[in-house]
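# Inside the fold
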Amino acid sequence: MKIYVMAHKKFNLELPHIYTPLQVGAAINDEIGYPKDNTGENISSKNKNYCELTGLYWMWKNTSEEITGLCHYRRYFTIDGQILTESQIKQLLSNYDIIIPQSTFSPGDSISVFSHYCQNHYGNDLIECGKVIHELAPSYNDAFQLAIHCNLLSPTNMMITRKNILDNYCEWLFPILFALENRIDICNYSDYQKRIFGFLGERLLRVWILNQKYRVKEIAITKI
């Protein structure tokens with residue numbers, strides 16, 4: 001078991017031994033002394049657009065732990081405010097297939113994920129995402145519509161699961177995002193909006209899960 005902690009700067013926090021920092025965007029930033037996401041097969045140079053997903057891609061292509069996961073250097077899955085331990089994770093995964101962040105409501109009683117995205121980003125990008133799904137993975141059309149028109153979101157692109165399940169998700173996710181790269185011109189986006197593919201990934205996790213039969217456990221995230 002190994003849980004990778006996505007980081008772009010050094011941090012001081014005593015973590016259970018199963019947690020390993022991973023420097024994301026290592027191809028375009030100075031070294032900080034952690035294992036880096038620019039080794040092996042990687043998309044490290046895309047970090048300004050993909051955020052922690054460059055770390056997820058590296059995990060997909062370059063790791064083999066039976067149980068693996070992704071968290072952030074400031075955000076962790078917790079129970080009663082304590083970071084999940086190896087034994088807790090094993091116990092959870094004896095009953096569930098995937099651990100994801102606890103769902104949050106989009107602000108406002110009736111605001112959908114789509115409406116919230118339009119308010120904070122460029123809505124046409126999410127519409128274009130739906131078009132790509134229709135072309136590359138049409139069996140997910142209904143799940144996409146359900147996910148963006150409800151008002152529940154599991155943010156941060158964090159998860160803990162078995163490696164084969166993570167691989168299945170990545171095999172679905174990244175072709176969609178790479179196709180979108182060729183369709184969306186982000187040259188005039190602000191640095192914040194250029195994180196587009198990380199933002200879209202947060203919405204697409206639920207799309208994928210809705211079309212699976214995996215048993216899903218939602219766990220609180222604590223910002224540290």
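Our subject is the structure that appears above.
Notes on the structure in this doc start here. Computed from a prediction, not measured in an experiment: that's the story for all the values here. (Residues numbered from 1 in each chain as written. Predicted model: local features only at pLDDT ≥ 70, side-chain atom pairs only at ≥ 80, totals over all residues. Heavy atoms only, no water.)

## Description of the state of the cysteines
Applying the stated criterion across every chain yields a total of 0 disulfides. Free cysteine Cys118: the closest other cysteine sulfur is in Cys129, separated by 13 Å. Overall, Cys118 belongs to the partly exposed group, its relative accessible area being 33%. With no disulfide of its own, Cys150 lies 14 Å from the sulfur of Cys118, the closest cysteine sulfur. The exposure class of Cys150 is partly exposed, given its relative accessible area of 22%. (Disulfide = S-S within 2.5 Å. Buried < 20%, exposed > 50% of the residue type's maximum accessible area, 1.4 Å probe, protein only.)

## Thoughts on the side chain of Thr63
Its place among the elements puts Thr63 in the loop between α2 (53-62) and β3 (67-72). Owing to a relative accessible area of 10%, Thr63 belongs among the buried residues under this scheme. When near neighbours in sequence (up to four residues on either side) are disregarded, Thr63 contacts Tyr4, Trp58 and Lys163. (Helix = DSSP H or I, 4+ residues; strand = E, 2+ residues; numbered from the N terminus. Contact = heavy atoms within 4.5 Å.)

## A short note on the pairing of β3
When you tally the buried positions in β3, you get 6 out of 6 residues, the bulk of the element. Of the two faces of β3, both are covered, the one formed by Ile67, Gly69 and Cys71 as well as the one formed by Thr68, Leu70 and His72. Taken together, the 5 bridges between strand β1 (residues 2-7) and β3 define a ladder with parallel strand orientation. Counted as the bridge partner of Ile3 is Gly69 from β3. Where β3 meets strand β9 (residues 159-162), 4 bridges bridge the pair, whose relative direction is antiparallel. Of the residues in β9, the one forming a bridge with Leu70 is Met159. (Pairing = 2+ DSSP bridges.)

By themselves, these are just geometric observations and shouldn't be taken as functional.
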